[in-house]
Every structure is written in C-alpha cells, then in structure tokens.
Amino acid sequence: MKRVYNFSAGPAILPEEVLREAAEEMLDYRGCGMSVMEMSHRSKMYQNIFDEAEADFRELLNIPENYKVLFMQGGAHLQFSMVPMNFMKNKVADYIVTGQWAKRAFEEAKQYGQANCIASSADKTFSYIPDCSDLPISENADYVYICENNTIYGTKFKTLPNTKGKDLISDVSSCFLSEPMDVSKYAYVYGGVQKNIGPAGVVIGIIREDMITEDVLPGTPTMCRFKTHADNGSMYNTPPCYGIYICGKVFKWLKNMGGLEEMQKRNIEKANVLYDFLDQSKLFIPNVAKADRSIMNVTFVTGNKETDAKFVAEAAASGFDNLKGHRSVGGMRASIYNAMPKAGVEALVDFMDRFERDNR
Ligand SMILES: *Cc1c(COP(=O)(O)O)cnc(C)c1O
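Residues numbered from 1 in each chain as written. Predicted model: local features only at pLDDT ≥ 70, side-chain atom pairs only at ≥ 80, totals over all residues. Heavy atoms only, no water.

> Sorry, what's going on with the nonpolar core here?
One broad rule of soluble globular proteins: the nonpolar side chains tend to lie buried together. The biggest cluster of nonpolar side chains holds 86 residues, and the ones touching the most others in it are Phe57, Leu61, Ile206, Phe284 and Phe311. When residues of this core are assigned to their parent elements, the largest contribution, 10 residues, is made by helix α6 (residues 241–257). Each of domain 1 (17–256) and domain 2 (259–359) accounts for three or more of the residues forming this core. Excluding its chain neighbours within four sequence positions, the residues that come into contact with Ile206 are Phe57, Leu61, Ile63, Tyr67, Lys68, Phe176, Met181, Val183, Ala187, Tyr188 and Val189. Counting residues in hydrophobic clusters, the runner-up holds 34 residues, among them Ala76, Phe80, Val203 and Met211. (Core = buried A, V, L, I, M, F, W, Y, C linked by side-chain atoms within 4.5 Å. Buried < 20%, exposed > 50% of the residue type's maximum accessible area, 1.4 Å probe, protein only. Helix = DSSP H or I, 4+ residues; strand = E, 2+ residues; numbered from the N terminus. Domains from an automatic or database assignment. Contact = heavy atoms within 4.5 Å.)

> Which parts of the structure should I look at to understand the packing of helix α1 (residues 16–24) against α6?
Each packed pair of helices is defined by two parameters, the angle between the axes and the distance between the axes. The interhelical angle for the contact between α1 and α6, taken along N-to-C directions, is 130 degrees, at an axis separation of 10 Å. In terms of axis orientation, α1 runs oblique to α6. Of the two possible hands of crossing, α1 and α6 adopt the one that is right-handed. On the side of α1, the interface is formed by Glu17, Val18, Glu21 and Ala22, while α6 contributes Tyr242, Tyr245, Ile246, Lys249, Val250 and Trp253. Looking at side-chain class alone, the contact of α1 with α6 contains 7 nonpolar, no polar and 3 charged residues. (Axes fitted to C-alpha atoms, helices over the stretch in contact; angles between N-to-C directions. Parallel < 35°, antiparallel > 145°, perpendicular 65-115°, else oblique. Left-handed = near helix turned anticlockwise from the far one by under 90°. Nonpolar A, V, L, I, M, F, W, Y, C, P; charged D, E, K, R; others polar.)

> Just to check I follow, could you spell out a nonpolar patch on the surface for this structure?
A surface patch of nonpolar side chains, amounting to about 330 Å² of accessible area, comprises Met26, Leu27 and Met37. Considering the arrangement of structural elements, one finds Met26 in the loop between α1 and α2 (44–61). (Patch = residues over 30% accessible without salt bridge, like charges linked within 9 Å, V, L, I, M, F, W, Y side chains within 5 Å. Areas by Shrake-Rupley, 256 points an atom, 1.4 Å probe, with all protein chains shown as cover. Salt bridge = Lys/Arg side-chain N within 4 Å of Asp/Glu carboxyl O.)

> I would appreciate a short explanation of the environment of Asn304 in the present structure.
Checked against the element boundaries, Asn304 lands in the loop between β12 (297–301) and α8 (305–317). The partly exposed category is assigned to Asn304, whose relative accessible area is 36%. From its side chain, Asn304 meets the backbone nitrogen of Glu306 in a polar contact 2.8 Å long. (Polar contact = N/O pair within 3.5 Å; in protein donor to acceptor, adjacent residues only side chain to side chain.)

> Would you mind going over α8 with me for this structure?
Count 3.6 residues to each turn of an α-helix, and residues three or four apart come out pointing the same way. Between the first and last C-alpha of α8 there are 19 Å, a value that for 13 residues agrees with the 18 Å anticipated at 1.5 Å per step. Residues of α8 that are buried include every one of Thr307, Asp308, Phe311, Val312 and Ala315, and no others. The arc that holds the buried residues of α8, viewed along the axis, is 135 degrees, so those residues lie on one side. Residues of α8 that are exposed and point more than 90 degrees away from the buried face comprise Lys305, Glu306 and Ala317. Where α8 is buried, its residues meet β12, β13 (320–321), β14 (332–335) and α9 (342–358). Measuring from the backbone nitrogen of Glu306 back to the side-chain oxygen at the start of α8 gives 2.8 Å, which picks out Asn304 as the cap. (Expected span 1.5 Å × (residues − 1). Arc of directions from axis to C-beta.)

> Hey, could you run me through the environment of Ser127 in this one?
Inspection of the secondary structure puts Ser127 in the loop between β4 (114–120) and β5 (144–147). Taking the relative accessible area as the measure of exposure, Ser127 reaches 17% and is therefore buried. It is 4.8 Å that separates the C-alpha atoms of Ser127 and Val288, two residues lying 161 residues apart in sequence. Setting aside residues up to four positions removed in sequence, Ser127 forms contacts with Ser121, Thr155, Asn287, Val288 and Ala289. In terms of polar contacts, Ser127 uses its side chain to reach the backbone carbonyl oxygen of Lys124, at 2.7 Å.

> Would you take a moment to explain the side chain of Thr307 for this structure?
Residue position: Thr307 is located in helix α8. What Thr307 contacts, discounting residues up to four positions off in sequence, is Leu283, Thr302 and Phe355.

> Quick question: what am I supposed to make of the pattern of salt bridges here?
It is possible for side chains of opposite charge to pair when their charged atoms get near one another. Enumeration over the complete set of coordinates arrives at 26 salt bridges. Across the salt bridge formed by Asp210 and Arg208, the nearest N and O atoms sit 2.6 Å from each other. Beyond isolated ion pairs, a larger network of salt bridges with shared partners links Glu52, Asp56, Glu59, Lys252 and Lys255.

> What is the right way to read the environment of Lys2 from this model?
As for its placement among the helices and strands, Lys2 is situated in the segment before β1 (5–6). With a relative accessible area of 66%, Lys2 lands in the exposed category. As for Lys2 and Gly319, which are separated by 317 residues in sequence, their C-alpha atoms are 9.3 Å apart.

Dropping the structure here:
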C-alpha cells in the first residue's frame, strides 16, 4: 500500500488513523454483527454514534446552549438556497462577495428577494478581503452573508465584518474545525464536511435557536426548513449515517490531538512553512495579499502556464497529488487541512525547491 500526500481541496485528506479504525469496524461494528452502513438510523446503536458525534462537536467548538447543531445533506450549494428561504423575512439581504462560493450564494439569494452586494474583491480576482469595518449595511437587511475561507482563491476573513447589529451568516466549509471559533458571533454558520472534516454528503449547521421559526418564505420545501431538522434531531428522514459516523471519528481524533487551539497552532506552523518558502522563491509567486492569507488553501503561480502544468505533473509523479489550482483560476493550490502532517508540507517545499533550481 502506498498513500500519497493529497493536497486536494475537497473531497480531501482524512486522518489515516480514522480510515484504519473505520476499516477495522467495516464488517462488524463493535460486535453487533453488521457494518454501520447497514444499521437502521433508528437503532440504539446508531443513535449512540450520532449523539456522541454531536457531543464531541459541541465540545470542540464550545457551542453555547442556545445553539442547535444540525446534520444535513445537499452540500453547501443547498445551503445557498436554504439561507434565503429561511431567513429572508424582509426579503432583503447583504452579501460580501469574496469568491466563487460567495457569488453563487449571492446569485441564489436573488431568486428570493433583494440581495445586495455590499463589498467585493472581484476587481483583483478575489486575491484579498475587502475592508469590512464600515460597510453600507441595508437598514432592513435580514442578515449579512460571508464565505469565511475562500477555498478557490486562498483568502480568509481574519476579522469578521462589522454588521452593525445585523445577524451574521457564514459559510465555513473550508476552515471548519481548523481553529477555535466564537459561535456566539453568528446567527447561523455552516459547512460542507468534505473539506476539513469527513466524507462528502454531510453538511453541519450551527443555528441560534431564535433563527429556527415556522416563518419561512412560501413554498419552502419541508426538507429545506431548518425547523424540520431541528425538531427531528436531524433525522426527519434518513441522515447520511455513515458520513456522520466518520465525522464522529474525526472529532475524537481532534480531541486526542489536543483540540482546536492545538490544531490552530499546528495549522499556522504548517502554512508558514509553505508561505515562507513562497515569499523567498524566485520562481513561485503567492497569489494572495499577506494579511488575508488562508492557512488551509495556499494558492500560487509561476507566471507561466506551461511551467505551472509541468510542476503539477512532476509533483504528481513524485507523490504530491492534486496541486492543480481550481479550473476557474489555474495555477496551483495546496490545500493543507487538519489531516495533512507538517512532514507533508515540508516534503512539498523540498520538492518545490528542487523544481525551482531545475527550471530557472
Ligand atoms: C467546496 C465549497 C463549497 C461547495 O460545496 P458543495 O458541497 O460542493 O456544495 C461551498 N463553499 C465553500 C467555502 C467551499 O469550500
């Protein structure tokens, strides 16, 4: 067996310990004679798996009592619709557009009411986060929406926008559990787990209780109401059982690693190995304004498309996989989520250093 260093943006690397444990339990989960995949979601055995996952998740993020945790499906994309369908009571919402995922959410919201783009970094190919300290927040805005870590471009909000008292809603898909987060600053925060937590097919939402109401836009499907999921313990219908089970194992792994403060420390160290190399390189150029750099997704170019392609191909041949940038921007992207060991980033930097000497 040979495992590569996988720099994919998502679905992405998972801790090897978690995969091994899941493999061991595949045919017979703890003596019950069946796989978790084969279990009724209404069984006591599965409810225990689910409850433990939620409890560990709440502990990791120190989630206040007045927030509910929801496990859902449909990816981040369904959230782009669910957010306006559930929260656009005045039919006005303000969006900060810092990349393709924020833009998709913004475009989707336009179907349901007046969505305003109150700030954008489109003028410089989303390579920075705009100043959000004094934005023209709409007086009757139902919420302000951000995408906190921009997976494709490699930027991250280091401070949350000043929403002037409006509810903040955030997509944290690609920075979920990468560092501690003050949940009380958000009315609703969600993420698809396939970036930094688990297998594709699960979305976790953390919702302040007063945001859960019957008062949703007319025509909102039952499955798209947060209240449906909240009232039924995320089991109104069959949940993505196996995915949640793997997420639960990742939560345990994170707790064993020392929790999110420790992960943040490690993630900053890891990102610095790569950014320090990029900052002194004569071949590779980092894409993003220094102050706004993501510690999860690191984007860079050589300035020459052929050299970029050569680098990606040679890297893959040497066991550094999925370094090609998103198809909308090109160049390179190294996603260095929680499960990527520092040794993987160091090995990548060694490889880049050799490539630079051979190709200048
Ligand atoms: C990947 C990603 C998405 C899209 O996720 P899907 O699960 O494919 O819908 C949305 N937002 C962010 C920040 C992402 O990284």
